[in-house]
Structures are given as C-alpha cells and as structure tokens.
Amino acid sequence: HSQEVQAENVTVLEGGTAEITCHSQEVQAENVTVLEGGTAEITLSPGHSQEVQAENVTVLEGGTAEITCHLHRYDGSIVVIQNPARQTLFFNGTRALKDERFELAEFSRRRLRLRLARARLEDEGGYFCQLYADDTHHQIATLTVLVPPEPPLVEAGALAVEGEELELTCLVPRARPMATLRWYRDRRELPGRSSHRQEGKVFWQRSVLHLRPERRDHGAIVTCEATHPALGRGQRRQTQYQLDVQYPPSVRIHPSQSVLREGDTLVLTCAINGNPRPTEVSWSRGNESLPPRARAEGERLTLPALAPQDNGTYTCQVGNAHGRAHDTYVLVVYDPGAVVAAQGAGPFAVVGGALALLVFLLLLLLGALVWCSVRQK
C-alpha cells in the first residue's frame, strides 16, 4: 500500500526539447523545456482528485474476513459500502443493513475496514467501495469463501476375503474448491479412480480403490488423504482403514514329546490359523473312537497312562465360513516288557539251533556209513 512514483528515461538531441515524465496515482508532473546551459525546474505536484482502492479477500467458511478500502486524498466526502447484492451495508460510517455479522472496524481518512464474522458461502462476491465526490469513484473487493474438507470417510463395499476383489471408497462430501484425493499404503501411493459432482457452490468427491488381498495383508493399513488450498502448507486430512482379511484355516498338531513309553502322558496341541478363527475343534482316531481315558479340551487332547491299545492315527479338524482343514498324528507306544522278553529268549534260541544242526550232521554221517557197508557186501 506504499505510495509509488515511476519515471521514464529520455534521450534528446543537443538543442532539442526533452520531456521528463513521472507517473503516479498520487503525484502529477509537468513537462519542462530547457536550452543547453540553461536552468530547468522540474515540478512534481500532488494530484487533487480523491480515489478509493479495494483489496480482494479469501476466507475460510465460518472464519472472519476483513474487507479494506484505501482512501487517497479523502476530504470527508460520502463513502458507501455495498454487498454483492448491491445492498448498502454502511453509509459514511453508519450501519444501513441489519446484519450483525458485519462490523465497521475502522473509518479514517486513510482507510475503511469492514469485518465480517462467521463467513458463509452466500457472502461470496464483489463488495463495492464507493466514494462520492465531484466524480464518483468505486472499486470492487472480491470475497472468496473456501470450504476445507473434513477427514474423508472410508468404507468397504464387502468383507475382505483372500483372493477376492475388494472395493474401498474414500468420500469427501463437501469442499470448495475440489480437494485432491490420494491412496497410500506403507507410504506407497496406490492408483484410485476419482469422480465428483457439484452441489450448489460446493463439490462432492469420491475415490475408489480396488484390491485383491491375501492373508499376509491382514492388519495392513490403507490411508486416504485429502489435500486442499484451504489447509495450511503441509497439512492434509487423512483417514486410515485397517484391512480385516478373512481366509480359510490351516492347522498342525504338535505333540508334547517325541519318544513315548507305556505309562507316559501325551498332550497333543492343535495349532490353528484362520480368520475368522475357528471356535470348534474336533478330535478323532481313525475309524475308532477315542480311548476312554482321553480328554479333548478344545485345541488340546490329553492321553494319560499310555498303553499299546492307544495306538492309532489321531486327527484334529477345524473349519470356518471359508473352508476346513485337518492334520494327523500317528501314535506308536514303545513297550519295554516286550523288548526285555525278546532279549531273554535270544541265547536259548541260539543253543537250540546249534543242537539241531549237530543232530542233522550225525544223521548224515550215519547214513553215509550204512551206504558204504552195503556196497562192500
């Protein structure tokens, strides 16, 4: 708002006439002609006309705007401020329109400041600063109202199921001008498809993201981000969505020990993974029923005082809405008594075999002798 003056460079022939011009809204200059070697007086004199200047203003919806009209060489003439509908707000400092949101914050010989509280979209437009003197001067201050977006709304079109397409929607129901919507996961931008429509002076916007999640994506965070001119530098509106990926179960049986002897206690644990997590676990043993001593408690099967009759193939089976899974464990009980009996019978079996071989050789020798005696006769 500082006063300024501009001058032009001039080239003249010796003995000719030079015109030196100063341009200013507030200063007038006179042309001067001078002979070589003479004395020239260059006079700058202030102008005599009154002027008014206005500034454009941008405000956030609901905020406070200040509309300023600068007065130059004001001598007390009538000043009128009108709204975009050409309704007079203030006449020479006196309120003319009953709208308490407008307040005349300053009215001096240099400027007039109009304060608007709780700005609305309907307040947008050109405000007229009019100065009535010998000549009528007016300037228009354009008020622009911005509507920043609220944090986006993120919704899923259906449950996230492994291997099936998932549609996520990011919605900004109200903004002016339009916001820029982007999708991110782990700081990596994902491609979305944006659309919008104008509803009065504001815009409705949405962005759609298509994913095909896997079970490793369960718990991952997807972010929708909105940037807008009404937000400060580096500021943005963000909404996070955590993926809840559903998938069929998997299962594995873990025994409490690997070498089992008769009389030991075995605990089988069924380790389950799945979403939703299966709540019902069933245990079975081949085509037979579980041993009477067995205790099935959810994911655990306890077999106390093991015996050879407990041997068999044990199965843990689970399921959820997306499939079923099972795992098997083959139980073989080690019988110390049977091993000891086999070890005690071993030496007697060796002696018996040697005696049988000796008897066989004696009979063979006896037969040979009988055959030889018969041939000699």
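Everything below is about the structure printed above this text.
Parameters at a glance
By convention here, each chain's residues receive numbers from 1 onward along its written sequence. Local features in this predicted model are restricted to residues whose pLDDT is 70 or higher, and side-chain atom pairs enter the listing and the counts only when it is 80 or higher, whereas totals over whole chains, interfaces and linings include all residues. Side-chain numbers come from the whole structure's heavy atoms, not from hydrogens or water. Pairing of aromatic rings covers Phe, Tyr and the six-membered ring of Trp, with a centre-to-centre limit of 6.5 Å; geometry is then stacked below 30 degrees between planes, edge-to-face above 60, and tilted otherwise. Ring-over charges, as used throughout, are those where CZ of Arg or NZ of Lys falls within 6 Å of the ring centre and within 35 degrees of the ring normal. Numbering goes from the N terminus for both helices and strands, where a helix is a DSSP run of H or I of at least four residues and a strand is a run of E of at least two. For every residue, the accessible area obtained with a 1.4 Å probe (protein chains only) is divided by the maximum for its type, and the residue is called buried under 20%, exposed over 50%, and partly exposed between those limits. By definition, residues are in contact when any of their heavy atoms lie within 4.5 Å. We call a pair of cysteine sulfur atoms a disulfide whenever their separation is within 2.5 Å. Pairing between two strands requires that DSSP report at least two bridges joining them. Salt bridges are defined by distance alone: a side-chain nitrogen of Lys or Arg within 4 Å of a carboxyl oxygen of Asp or Glu. To get an axis, a line is fitted to the C-alpha atoms, and for a helix only the part in contact is used. The angle between two axes follows their N-to-C directions and goes from 0 to 180 degrees.

Time to look at the packing of aromatic side chains. Here the structure, examined in full by the defined rule, presents 2 aromatic pairs. Above the plane of the ring of Phe128 lies Arg86, whose end atom (NZ or CZ) is 3.8 Å from the centre. Sitting above the plane of the Trp204 ring, Arg197 keeps its charged end 4.0 Å from the centroid.

Turning to the side chain of Thr302, a few remarks are in order. Relative to the assigned elements, Thr302 resides in strand E28 (residues 300-303). The exposure class of Thr302 is buried, given its relative accessible area of 6%. Setting aside chain neighbours within four positions, we find Thr302 in contact with Thr265, Leu266, Val267, Arg293, Ala294 and Arg295.

Right, let's get into the state of the cysteines. Overall, the coordinates contain 3 disulfides when judged by the stated rule. Here Cys69 pairs with Cys129 through a disulfide, and the sulfurs are 1.6 Å apart. Here the residue Cys69 occupies a position in strand E7 (residues 65-72), and Cys129 occupies one in strand E13 (residues 125-132), the gap between them amounting to 60 residues. By the burial criterion, Cys69 is buried, and Cys129 matches it.

Turning next to the pairing of strand E6 (residues 57-60). Each regular strand displays side chains that alternate between the two surfaces of the sheet. Only one face of E6 is buried: it carries Val57 and Val59, and the other face, with Thr58 and Leu60, is open. The sheet contact formed by E6 and strand E14 (residues 136-146) spans 4 bridges and is parallel. Following the sheet pairing, Val59 is matched in E14 by Val145.

In this section: the pairing of E14. Of the strand pairs in this sheet, E13 and E14 are connected by 8 bridges, and their pairing is antiparallel. Note on E14: the bridge partner recorded for Tyr127 is Ala141. Counted along the chain from E13 to the antiparallel partner E14, the turn is 3 residues long.

The next point concerns the pattern of salt bridges. Two side chains carrying opposite charge are able to pair once their charged atoms lie near each other. Scanning all chains against the criterion turns up 20 salt bridges. One salt bridge in this structure joins Arg176 and Glu124, with 2.5 Å as the shortest N-O distance. Within this pair, whereas Arg176 is found in the loop between strand E17 (166-175) and strand E18 (180-185), its partner Glu124 is found in the loop between strand E12 (111-116) and E13, the two being separated by 52 residues in sequence. A relative accessible area of 15% places Glu124 in the buried class.

It is worth spelling out the environment of Glu122 at this point. Position of Glu122 among the secondary structure elements: in the loop between E12 and E13. Judged by relative accessible area, which is 59%, Glu122 ranks as exposed. Distance from Glu122 to Pro84, taken between C-alpha atoms, is 9.5 Å for residues 38 residues apart in sequence.

To continue, consider the sheet that holds E12. With respect to topology, 4 strands assemble into an open sheet ordered E5-E7-E12-E11, the strand pairing being antiparallel. Whereas interior strands pair on both sides, the edge strands pair on one side only; in this sheet they are strand E5 (51-54) and strand E11 (102-107). Strand-to-strand twist across the sheet, computed as the mean angle between neighbouring axes with direction ignored, equals 20°. Both E11 and E12 contribute to a ladder of 5 bridges, which runs antiparallel.

The strand order E19-E18-E22-E23 describes an open sheet built from 4 strands, whose pairing is antiparallel. On the outer flanks of this sheet lie strand E19 (188-190) and strand E23 (237-242), each paired with one strand and no other. With strand direction ignored, the average angle separating the axes of adjacent strands in the sheet is 35°. Pairing of E18 with E19 involves 3 bridges; the strand directions are antiparallel. Each bridged residue has a counterpart across the sheet, and for Trp183 the counterpart in E19 is Leu190.

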